[in-house]
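Geometric and topological summary
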Amino acid sequence: MGYQPERRDLLEIVVRAAREAAGVIRAAAPRARNLDWRSKGPTDFVSEVDIAAEECILSIAARELPGASILAEESAATTPPERVARGLALVIDPLDGTTNFLHGYPAYAVSIGVLLDGEPVAAVVYNVAGDEIFTATAGGGAFMNGVPIRVSTIVDPQRALIGTGYPFKDPTDIPPYLAQLSRVMAQVSGVRWPGAASLDLASVASGRFDAFWENLLSPWDFAAGMLLVRESGGLATTITGSPLRGVARSSVLVGNPAMHAWLRQALQQSQLTDP
Ligand code: IPD
Ligand code: CA
Ligand code: CA
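Quick caveat: nothing in here was measured; it's all calculated off a predicted structure. (Residues numbered from 1 in each chain as written. Chains lettered and ligands numbered in written order. Predicted model: local features only at pLDDT ≥ 70, side-chain atom pairs only at ≥ 80, totals over all residues. Heavy atoms only, no water.)

Comments concerning the site of ligand 1
The local shell around ligand 1 holds 13 residues, among which D96, G97, G195, A197 and E214 are the closest. Take D93: an N or O atom from its side chain is 3.2 Å from an oxygen atom of ligand 1. Protein coverage of the free-state accessible area of ligand 1, which is 380 Å², stands at 91%. For the shell around ligand 1, the elements supplying multiple residues, two or more each, are β4 (88–96) and β12 (211–217). A per-element tally of the shell around ligand 1 places β4 first, with three residues. Within the shell around ligand 1, the residues separate by chemical class into five nonpolar, three polar and five charged. Looking at the shell around ligand 1, you find at least three residues from each of domain 1 (7–148) and domain 2 (157–269). (Near = heavy atom within 4 Å. Polar contact = N/O pair within 3.5 Å; in protein donor to acceptor, adjacent residues only side chain to side chain. Areas by Shrake-Rupley, 256 points an atom, 1.4 Å probe, with all protein chains shown as cover. Helix = DSSP H or I, 4+ residues; strand = E, 2+ residues; numbered from the N terminus. Nonpolar A, V, L, I, M, F, W, Y, C, P; charged D, E, K, R; others polar. Domains from an automatic or database assignment.)

Side note on the coordination of the calcium ion (ligand 2)
Those protein atoms acting as donors to the calcium ion (ligand 2) are D93 (OD), D96 (OD) and D221 (OD), and they sit at 2.1 to 2.3 Å. Within one chain, the residues donating to the calcium ion (ligand 2) are spaced in sequence as D-x2-D-x124-D. The calcium ion (ligand 3) is placed at 3.8 Å from the calcium ion (ligand 2), the two being bridged by D93. Here D221 lies in helix α7 (residues 219–231) and D96 lies in strand β4, a separation of 125 residues in the sequence. Of the two residues, D96 and D221, both sit in the buried class. (Donors = N, O, S within 2.8 Å, 3.2 Å for Na, K, Ca; no water. Buried < 20%, exposed > 50% of the residue type's maximum accessible area, 1.4 Å probe, protein only.)

As structure tokens, then:
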């Protein structure tokens, strides 16, 4: 294998890229409601800010990590998926929570996961409105603004706050999701639905949420967040407990070990399987 930068160096590069992209997003925030949105699907939008933030990250990646494969949301169609599972790869969501951003709702982020042979080795999730930088390296722990973070210690579902995301792309996915949701809602302290999956995973890593699930996410939504969760003592799998891979679309179930186990069982009883 050729020269590979150290994990700390990889992290430093992607943190710099995330900060620059966050600058692009922050500068555009005051005019978010007047931006031109293009529809990717009936309820799925992309703005010029998503594109500009992605270009910013890609130019840093091309300069600093010229050998790395890139899987970035707004240009993903040009990436052969099998390349991402080999060698060094960056999996990039330049603006996670676009709908929130376009409405001025302060929950959106830049998410960059660094994979080596398909496994996450470094990660950054930048909460732009909250100015919180979540980082992790494999084996090196997880941090928020440089301070170590851990998953929560809650083991009783009645005390748990659970995050989720709903299936907004295909209306036929809604009824089975509602079956899951009602089962979970009936047993926990609260359910939250903030609308930026990378931040939801960061919320589990930092103990704000005790667990989170979503039935279908793209790799750029969770490639970084899954490492944050693992490095803060949590578990990150599909909803049936299979290993999560940051290279393909998947369901996602994360949590502290006790709440991960509980939520996995609660979701199983609602009969949904991995996509
Ligand atoms: C979306 C957000 C949302 C999740 C969706 C994602 P986008 O990403 O992460 O929370 O529910 O599944 O597609 O489109 O805002 O980058
Ligand atoms: Ca996203
Ligand atoms: Ca996005």
